[in-house]
Amino acid sequence: MKARIHITLKNGVLDPQGKAIQQALAGLAFDGVEDVRQGKFIEIELTESDADTARVQVSDMCEKLLANTVIENYDIEIVA
Amino acid sequence: MPVAVIVFPGSNCDRDVAVALETATGRAPAMVWHQESALPACDLIVVPGGFSYGDYLRSGAMAAHSPIMRAVIERANTGTPVLGICNGFQILAEAGLLPGILMRNASLKFVCRDVDLRVERADTVFTGAYAQGEILRVPVAHHDGNYFADAETLQRLEDGGQVAFRYCDTGGNVTPEANPNGSINNIAGILNADGNVLGMMPHPERLADPLLGGIDGAPMFDALAEAIAA
Amino acid sequence: MSKTEPRPDDLMGLSDGEYDTILDILGRTPNFTELGIFSVMWSEHCSYKSSKKWLKTLPIDGPQVIQGPGENAGVVDIGDGQAVIFKIESHNHPSFIEPYQGAATGVGGILRDVFTMGARPVANLNALRFGSPDHPKTRHLVGGVVAGIGGYGNCIGVPTVGGEVNFDPSYNGNILVNAMTVGIAPTDKIFYSAAAGVGLPVVYVGSKTGRDGIHGATMASAEFADDSEEKRPTVQVGDPFTEKLLLEACLELMATDAIVAIQDMGAAGLTSSSVEMASKGDVGIALDLDQVPRRETGMTAYELMLSESQERMLMVLKPGREDMARTIFEKWELDFAVIGMTNDSGQLTLLEDGASTADIPVAPLVAAAPEYDRPWTATPPRPVINASDVPAPDDLGDVLMALIGGPELCSRRWVWEQYDHMVMGDTVVRPGGDAALVRVHGTGKGLAMSTDCSPRYVLANPVEGGRQAVAEAWRNVTAVGATPLAVTNNLNFGNPERPEIMGQLVGAVQGMGEACLALACPVVSGNVSLYNETNGSAILPTPVIGCVGVMGDVAKAVTAEFKAAGETIFVIGETQGWLGCSLYQRHMSGEATGAPPPVDLDIERKNGDLVRQLIADGALTACHDVSDGGLAVAIAEMAIAGGLGAEIDVSPVIPAHAWAFGEDQGRYVVTTTGPETVAAAAAKAGVPARAIGQTTAATLTLPGTRPISVAELEALHESWLPDYMAAR
């Protein structure tokens, strides 16, 4: 079973890298980019075959290590 | 009593801080590998700078979960002074010993230069040899030194006098221009509520030798040496 | 086997003649893997086939030299049972294609060259050359290269203390990234690459092998066409964290007596490292490729042998020490695998699934590597330009401000503040001055180091330019008070198959050799990077010199900035006002023409020896060498760095602009509180030393100029590069 985790900065936390990307896009004449937020994408292969148990496991991983919940949100997708 | 310096894979200021500690205390600190589960007898724990685990994932995140950190947290909670410098600060924040987090510098660039710091608390075991409001010149060298805490935490830090150092100009004014990394309220170092854990981005150990261009960092190690000798 | 048999369509960069030699060596047709091995071993990058004939003419000996060129890095005695180990190496092509990773892995590679020999790296330097600031790619390349160098060096915890950054349109399509590492080792614990002895285990340590950078060595030996961006997949990715672990693990194992030989897997990876060890040790090596740790599945023998995955080492151990060594590497969480054995066959034998997949005699693979005596034509001499024929400016001060606030001479602070230049706690003189000075840990001694080259001089006159590169590096090391010991060189040129380019190389090597001999500073290591051309347009000839010197007491070191007002300023050395090929001339007329300033090596040495003696005697408060931009720029740099001014009071017999901006060689600007001492010592040494004025509080006054605010100069000097990088 595979888990895909998206980690993003919480709303309101300044994202200087996202801001830089936005400016770079504007520099390349991509108009109409209102906001850019950048984050991390992590893919984990699990031996667990039950989706609910897997989600609990991965959620624990996010809380303990993968995300810092002071500034980051995470979103888990379990793929069979 | 000896001092313990925690060494992680990727630590690289461990030797520098050991030199400063040995100069101040007259004896070499114990270098403790991160995979140890127990600390030697010690009255001061130092978590040095560097790039533990390559700063991969987030600076300090993986080191914060090393076996030795359980022992460090335990000792911190029972009052042993713990000093985290640079990556050490990032690790202490990730380990929950200090509030907030160090984010990517606002410039997005690594910055290595001398900065001026205003001493906001001169009544701690770390800062007792400085005067309140004294201005120190010490270097920073980091990519992720942009201190952030949510509004409530920040209020608590400010109200509780937990800000130990702020970036300032040569006249001691806390200005945006004097802020090398975008830290909120120009925060360069913070204490825990009990005042026995200090995390700071600047490197006092790097200017503790006149041949290297300054000694403003030395009083911190002298104060600690005196405190643990007592 | 017959030379008339059909040849492979792709000879992997080998010439028809080279392919014939392979047929002779093997007595049969090479298979794909074998052809790949010959191809990388005989590439320009690994074999130095175009330059070897000339490199052999360089002076490489001296009483201080423990190991000259031919090993991973040069080794020089610094006394007290310690040696300095250093080398410079290019990573030009990869850095152009992917600036961050190209530069980062360049740093990683040169660090490994130095710690492979048993040294702990103590400093990095980088000589960087970019295209015109106006070129659309330049900003991106500068940003990426600087971030990559910092990203690697900062993480591994070795201070980056010096180097150069220059811009010229000739580098538009071929930037230069030359990385130098300096390390220190005990003289009785230096490790070499000769795998002497048979029946010894061959051990692979470090990262796993992937398909990174396959044929990087041959890429580094080819000219660029416009499609080079499609070569992106061959660029390696650096992992400084793993390198830090590898460094610590290697040094830990080196403290034991387990290692017979060690070699890093750099260009041409497992191929060149195993061939090198076998050849130097005069043994055969059999490698079982099934044992090579790998990151990807389905890798062929060809890919395993040519991969340039980073952070890997090959070692030959004493028999029975494998377990002890394994324990150390596993503690540092690194791969460790016994992948082969030395034998007396004289062959490099590769086994896959138990069967031989390549079998090449080592001696001819190395000895028969092609060596070319490429045709060359000497660069025609240029006329000497009279200073009076170079127009005077309307205002000398305006020219000074334009030069010091322009791309060529502006402050490089934006660059070196992104490098951790203080980690390891021994950086006594930080970047921004002449040479950096790094204390030998735990002692009062120091190592001074600098990289230098003035490519426009080399273009004008390769011999003179080659001399000047050595002389300037020697001068920079002298200017802090150190005694230069030896140099490393990085010869960056265009396509050597063009006689005029080959002539530049020949001339530059001749000039370097002369200077190294006269200044008692032999070449102990180096690297050659050729084919730096795009669509037939070559870079300026850029033979970079990295010089290392030693000083007994770092407390006596002198830096460039003015220390206090009211001190006497001297110029050491003769000022004749040479404006040919100068920055002033280029600023006024748009190009640097005529002959470059000549370097008189006897005078150079005499002047430098005096300066070094004055510093040792404590007679100087500041010292700065005079180079690009001449006296006016040197004085302005000292003023800006110290936040002080100067009142220069001379009435030169030569035109004022020639006095101010002439680039005569062998000169230093110094300050002193004891002018009589300086004058007397100079008179005794027979060296021209002229008091030209006093340091002051805040303004700079040169002959024929209005007083210029030093704060204003500083603002100009500091703002060009950050403003340029912030623009889009």
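A quick note: this is a predicted structure, and the numbers were derived from the prediction, not measured.

Here we take up the side chain of Arg467 of chain C. Tracing the chain through its elements places Arg467 of chain C in helix α17 (residues 462-479). Look past the residues within four positions of Arg467 of chain C in its chain and what remains in contact with it is Gly511, Met512, Glu514, Ala515, Val599 and Leu601 of chain C.

Another point: unusual backbone geometry. At Leu57 of chain B, a position not held by glycine, the phi torsion is positive, near 70 degrees. With respect to the helices and strands, Leu57 of chain B occurs in the loop between β3 (44-47) and α2 (67-77). Overall, Leu57 of chain B belongs to the partly exposed group, its relative accessible area being 22%. Unlike most non-glycine residues, Glu333 of chain C shows phi in positive territory, near 60 degrees. Within the element layout of this structure, Glu333 of chain C appears in the loop between α12 (322-331) and β11 (335-343). With relative accessibility at 48%, the residue Glu333 of chain C sits in the partly exposed group.

Attention now moves to the nonpolar core. Grouped burial of nonpolar side chains is what soluble globular proteins tend to show. Ranked by size, the top nonpolar core spans 122 residues in total, and within it Leu83 and Phe165 of chain B together with Phe329 of chain C carry the most contacts. When near neighbours in sequence (up to four residues on either side) are disregarded, Phe329 of chain C contacts Val205, Leu246, Ala249, Cys250, Leu253, Met315, Leu334 and Phe336 of chain C. Among the nonpolar cores identified, the runner-up in size contains 84 residues, and Val429, Val599, Leu601 and Cys623 of chain C belong to it.

With that out of the way, let us pick up the pairing of strand β10 (residues 312-317) of chain C. Residue and element names in this part refer to chain C. The element β10 is extensively covered by neighbouring structure, given that six of its six residues are classed as buried. Both faces of β10 are covered, namely the face carrying Arg312, Leu314 and Val316 and the face carrying Met313, Met315 and Leu317. Here strand β7 (residues 201-206) runs beside β10; their pairing, made up of five bridges, is antiparallel. Counted as the bridge partner of Tyr204 is Leu314 from β10. Note that strand β8 (residues 259-264) and β10 share five bridges and pair antiparallel. Its bridge partner lying in β10, Ala261 is registered against Val316.

Residue and element names in this part refer to chain A. With respect to the element layout, Ile21 can be found in helix α1 (residues 16-27). Owing to a relative accessible area of 37%, Ile21 belongs among the partly exposed residues under this scheme. Counting along the chain gives 14 residues from Ile21 to Asp35, while the straight-line C-alpha distance between them is 9.4 Å. Beyond its immediate stretch of four places on either side in the chain, Ile21 contacts Val36 and Gln38.

What counts and how
Residues numbered from 1 in each chain as written. Chains lettered and ligands numbered in written order. Predicted model: local features only at pLDDT ≥ 70, side-chain atom pairs only at ≥ 80, totals over all residues. Heavy atoms only, no water. Helix = DSSP H or I, 4+ residues; strand = E, 2+ residues; numbered from the N terminus. Contact = heavy atoms within 4.5 Å. Buried < 20%, exposed > 50% of the residue type's maximum accessible area, 1.4 Å probe, protein only. Core = buried A, V, L, I, M, F, W, Y, C linked by side-chain atoms within 4.5 Å. Pairing = 2+ DSSP bridges.

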